[in-house]
Amino acid sequence: MTDPTQTNKHADEESLRMVSAQPIAGEPVSDEELRPHVLDGFIGQPRLKAQLQLFLDAARKREVPPDHILLAGPPGLGKTTLAMIVANELGVPIRVTSGPAIQHAGDLASILSSLDAGEVLFIDEIHRLPRAAEELLYIAMEDFRVDVMVGKGPGASSIPLTLPRFTVIGATTREGMLPSPLRARFGFTAHLDFYPHEELEKLVTRSASVLGLPLDDGSAHELAVRSRGTPRIANRLLRRVRDWAVVHDLASVGPADVREALALYQIDTEGLDRLDIAVLDAIVRSFDGGPVGLNNLAAMVGEESETVETVCEPYLVREGFLVRTPKGRVATRKAWEHLGLEPRERADGDQGTVGKLF
Ligand SMILES: Nc1ncnc2c1ncn2[C@@H]1O[C@H](COP(=O)(O)OP(=O)(O)O)[C@@H](O)[C@H]1O
Ligand SMILES: [Mg+2]
């Protein structure tokens, strides 16, 4: 088990970064205005949208609440947004809770027993439900029933309570952590994927118009390429660009403004920030491209190993800047080139790991 204090520490660490995919303090509320409310307004993910549209149309036509839906994917890609859209499209209320908010099975039982017919129950971070709550949830999802415990001790008994039909929408960043019986209760699982630049450009354009910020040609592109495939990051960077436009009294924002504003926050053309660059720089300059063990690397950049591993590496690996090998972390040719360096040949004629890998 991971130590929860550690997780919080990393969450804190993460929340300080402009390029974090997690919401940062004070942000969720102001982000509301940028959330699309109908499926048509949800940008990108065309296949998923088509599937969901069919799924919702069928439920509406049959006049029954749809099957339970699982939304899986990394943070910031639109899981919560989609859950809200589904409820809105169905014209039903949505009740919101999360795995960590439910401490005891009883907490979940009381939510379930108060649901109205057709209502959507959104359970964020569903992989973090306590075990007993998970078991209660299987039954509720399958049989629309909860067993309510009456009394305490040896005289306690359980009374089955029938629930009206409702729809659970679960969201998870860790689908693999969901026990398969729970996963099997979902009639539809949607996997959200990182967004290509073109889609993020559309998203930035839409958000800028919601914020009333005129963008010149090419500005949306400059924002999109720095957003790590993640709508939440795109919207956050856009807000910082808006600050820039306000302070500089700009009537509209040009690509050079975007570059300058985001350079101020030390976010480079690939969406890498100061820490990402420090990591790559350490591997390349101090360890000759690697392989280097995680602990040495972390010490070199003055961060906790876990921070480097959970906060920086996933994006660096995904974008092909870094590979994890059994011997340690290795900077790829792309990393060297991004730092403006030639992948170096070793003095002994051995090309080193970079040469062997590529
Ligand atoms: N496909 C999309 N189209 C438009 N905006 C989106 C899309 N996906 C995410 N967003 C925006 O990004 C922000 C983060 O999305 P959210 O649904 O909270 O992500 P998650 O729940 O997966 O962490 C939302 O405020 C929303 O405005
Ligand atoms: Mg969410």
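It should be noted that the structure appears before, not after, this text.
Quick look at the structure, then. Per chain, residues are indexed from 1 in the order of the written sequence. Note on labels: chains are lettered from A, ligands numbered from 1, in written order. In keeping with the predicted nature of the model, local features appear solely for residues at pLDDT of at least 70, side-chain atom pairs appear and are counted solely at 80 or more, and the whole-chain, interface and lining totals rest on all residues. With hydrogens and water stripped out, all remaining heavy atoms of the structure feed into the side-chain values.

### Notes on the pairing of strand β6 (residues 167-172)
Part 1 of the reasoning: Buried residues dominate β6, accounting for six of its six residues.
Part 2 of the reasoning: Neither face of β6 is exposed, since Thr167, Ile169 and Ala171 on one face and Val168, Gly170 and Thr172 on the opposite face are all buried.
Part 3 of the reasoning: By definition, two strands form a pair when at least two bridges between them are found by DSSP. Runs of E in the DSSP output that reach at least two residues are strands. Runs of H or I that reach at least four are helices, and both are numbered from the N terminus. By the bridge criterion, four bridges tie strand β1 (residues 69-72) to β6 in an arrangement that is parallel. Across the sheet, residue Leu71 finds its bridge partner in β6, namely Ala171.
Part 4 of the reasoning: Bridge analysis of strand β3 (residues 120-124) against β6 gives four bridges, and the strand direction is parallel. Paired with Val120 across the strands is Thr167, a residue of β6. Exposure classes here rest on a 1.4 Å probe applied to the protein chains alone. A residue is buried below 20% of its type maximum, exposed above 50%, and partly exposed in between.

### Considering a nonpolar patch on the surface
Part 1 of the reasoning: Grouping into patches uses exposed residues only, defined as over 30% relative accessible area, and leaves out salt-bridged ones; the cut-off is 9 Å for like charges and 5 Å for nonpolar side chains (Val, Leu, Ile, Met, Phe, Trp, Tyr). Methods summary: accessible areas were calculated by the Shrake-Rupley approach with a probe of 1.4 Å, and residue burial reflects only the protein chains presented. Each reported salt bridge corresponds to a side-chain nitrogen of Lys or Arg within 4 Å of a carboxyl oxygen of Asp or Glu. Taken together, the side chains of Val148, Val150, Ile159 and Leu161 make up a nonpolar region of the molecular surface, amounting to roughly 280 Å² of accessible area.
Part 2 of the reasoning: With respect to the helices, strands and loops of the structure, Val150 is situated in strand β4 (residues 145-150).
Part 3 of the reasoning: Using a relative accessible area of 38% as the deciding quantity, one classes Val150 as partly exposed.

### Brief notes about helix α13 (residues 294-301)
Each turn of an α-helix holds 3.6 residues, which means side chains three or four residues apart point in the same direction.
Part 1 of the reasoning: Regarding α13, the residues found buried are Leu294, Leu297, Ala298 and Val301. The buried residues of α13 occupy an angular sector of 95° when the element is viewed end-on, so they sit on one face. The exposed residues of α13 that point more than 90 degrees off its buried face are Asn295 and Ala299.
Part 2 of the reasoning: Residue contacts are counted whenever heavy atoms from the two residues lie within 4.5 Å of one another. Structurally, α13 contributes buried residues whose contacts are with α12 (274-286), α14 (305-318) and β9 (328-331).
Part 3 of the reasoning: Gly302 sits one or two positions beyond α13 and adopts a positive phi of about 70°. Think of the arc as the fan of directions from the helix axis to the C-beta atoms.

### A closer look at helix α4 (residues 79-90)
Part 1 of the reasoning: Between the first and last C-alpha of α4 there are 17 Å, a value that for twelve residues agrees with the 16 Å anticipated at 1.5 Å per step.
Part 2 of the reasoning: For α4, the buried fraction is high: nine of the twelve residues fall into the buried class.
Part 3 of the reasoning: Among all positions of α4, only Lys79, Thr80, Thr81, Leu82, Ala83, Ile85, Val86, Ala87 and Leu90 are buried.
Part 4 of the reasoning: Buried residues along α4 sit against α3 (46-62), β1, β2 (94-98), β3 and β6.
Part 5 of the reasoning: Following α4 by one or two positions, Gly91 has its phi on the positive side, about 70°. In this analysis, the expected span of each helix is defined as 1.5 Å times one less than the number of residues it contains.

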